[in-house]
Amino acid sequence: LELLFEPSPLLAERHSSVHAAARAGRRHLLAIHFRAGNRSPERWSDPPRHGVSEIDFSLACAEAVERQLGWRDEDVAWYIATDTTAVADVPRVAELQAKGKVAIL
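What you see is a predicted model; the values in this text were computed from it and never measured. (Residues numbered from 1 in each chain as written. Predicted model: local features only at pLDDT ≥ 70, side-chain atom pairs only at ≥ 80, totals over all residues. Heavy atoms only, no water.)

Colleague: Please clarify how the overall build of the protein chain should be interpreted in this entry.
Modeller: What the protein chain contains, in helices and strands, is three helices and three strands. The order of α-helices and β-strands along the protein chain, N terminus first, is α-β-α-β-α-β. When burial is assessed residue by residue, the protein chain has 34% of its 105 residues classed as buried. Roughly 6800 Å² of accessible area belongs to the protein chain as shown, and the carbon and sulfur atoms make up 55% of that amount. (Helix = DSSP H or I, 4+ residues; strand = E, 2+ residues; numbered from the N terminus. Buried < 20%, exposed > 50% of the residue type's maximum accessible area, 1.4 Å probe, protein only. Areas by Shrake-Rupley, 256 points an atom, 1.4 Å probe, with all protein chains shown as cover.)

Colleague: Can you help me understand the side chain of Arg26 in this one?
Modeller: Structurally, Arg26 is set in the loop between α1 (9-23) and β1 (28-34). In this structure, Arg26 is buried with no salt-bridge partner, the nearest side chain bearing the opposite charge being Asp73 at 5.7 Å. Within the local environment of Arg26, its side chain forms a polar contact with the backbone oxygen of Val76, the two atoms lying 2.8 Å apart. When sequence neighbours within four positions are dropped, the list of residues in contact with Arg26 reads Asp73, Glu74, Asp75, Val76, Ala77, Lys99, Gly100 and Lys101. (Lys, Arg positive; Asp, Glu negative; His and termini not counted. Salt bridge = Lys/Arg side-chain N within 4 Å of Asp/Glu carboxyl O. Polar contact = N/O pair within 3.5 Å; in protein donor to acceptor, adjacent residues only side chain to side chain. Contact = heavy atoms within 4.5 Å.)

Colleague: Explanation requested: the sheet that holds strand β3 (residues 102-104) in the structure shown.
Modeller: Reading across from one edge, β1-β2-β3 is the order of the three strands in this open sheet, with parallel pairing throughout. Strands at the two margins of the open sheet, each flanked by one partner only, are β1 and β3. Along the sheet, successive strands turn relative to each other by an average axial angle of 20°, direction set aside. Sheet strands in contact with helix α2 (residues 55-69) are β1 and β2 (76-82), and its direction is about 155° off that of β1. (Pairing = 2+ DSSP bridges. Axes fitted to C-alpha atoms, helices over the stretch in contact; angles between N-to-C directions.)

Colleague: Honestly, the pattern of salt bridges in this entry has me stumped. Any pointers?
Modeller: Throughout the structure, instances matching the rule amount to eight salt bridges. Here Glu95 makes a salt bridge to Arg92, at a shortest N to O gap of 3.0 Å. With Glu95 and Arg92 both in helix α3 (residues 91-98), this residue pair falls three residues apart, about one helical turn. Residue classification places Glu95 among the partly exposed positions, given a relative accessible area of 37%. You can call Arg92 partly exposed: its relative accessible area is 27%. Among the ionic contacts, a cluster of salt bridges with common partners joins Glu63, Arg92, Glu95 and Lys99.

Colleague: Please explain the confidence of the model for the protein chain as it appears in this structure.
Modeller: The predicted structure's coordinates, where accompanied by low pLDDT, should not be read in detail. With 83% of its residues at a pLDDT of 70 or more, the protein chain has an overall mean of 82. By mean pLDDT, the top-scoring element of the protein chain is α2 (95), and the lowest-scoring one is α1 (76). (pLDDT = per-residue confidence, 0-100.)

Colleague: Can you walk me through the pairing of β1 in this structure?
Modeller: Across a regular strand the side chains alternate sides, sitting on one face of the sheet and then on the other. The alternating pattern of β1 places His28, Leu30, Ile32 and Phe34 on a buried face and Leu29, Ala31 and His33 on a face that is not buried. Strand direction decides the pairing type here: β1 and β2, joined by seven bridges, are parallel. Residue pairing in the sheet places Leu30 in a bridge with Trp78 of β2.

Colleague: Just to check I follow, could you spell out α2 for this structure?
Modeller: Given 3.6 residues per helical turn, the α-helix brings residues three or four places apart onto the same face. Helix length check: α2 (15 residues) gives 21 Å between terminal C-alpha atoms against 21 Å at 1.5 Å per residue, within 8%. The inward-facing, buried residues of α2 contact β1, β2 and α3. Looking one or two residues beyond α2, the residue adopting positive phi is Gly70, at roughly 75°. (Expected span 1.5 Å × (residues − 1).)

Right under this line is the structure:
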């Protein structure tokens, strides 16, 4: 995290706690960066990028990476960094969160 930018204390603490929760003792961690863009106009001005439902494509990609690397599902956690909390409402994401597979920052 520090290699890219100097995080605020709040962000650094949040990242640390979410990262630890995401790993949950698993051997591997896949990070997914998902940008919706214009989903938080009250916070910043950003052009539209992806519809929230398109997170399913990112999840399918993560599954393919796991298979290609020969990793067992139970050994891998996914860490989703996103600019909108709406991602957590996508049914597949909610299902994976309930199973402890996904953590969201």
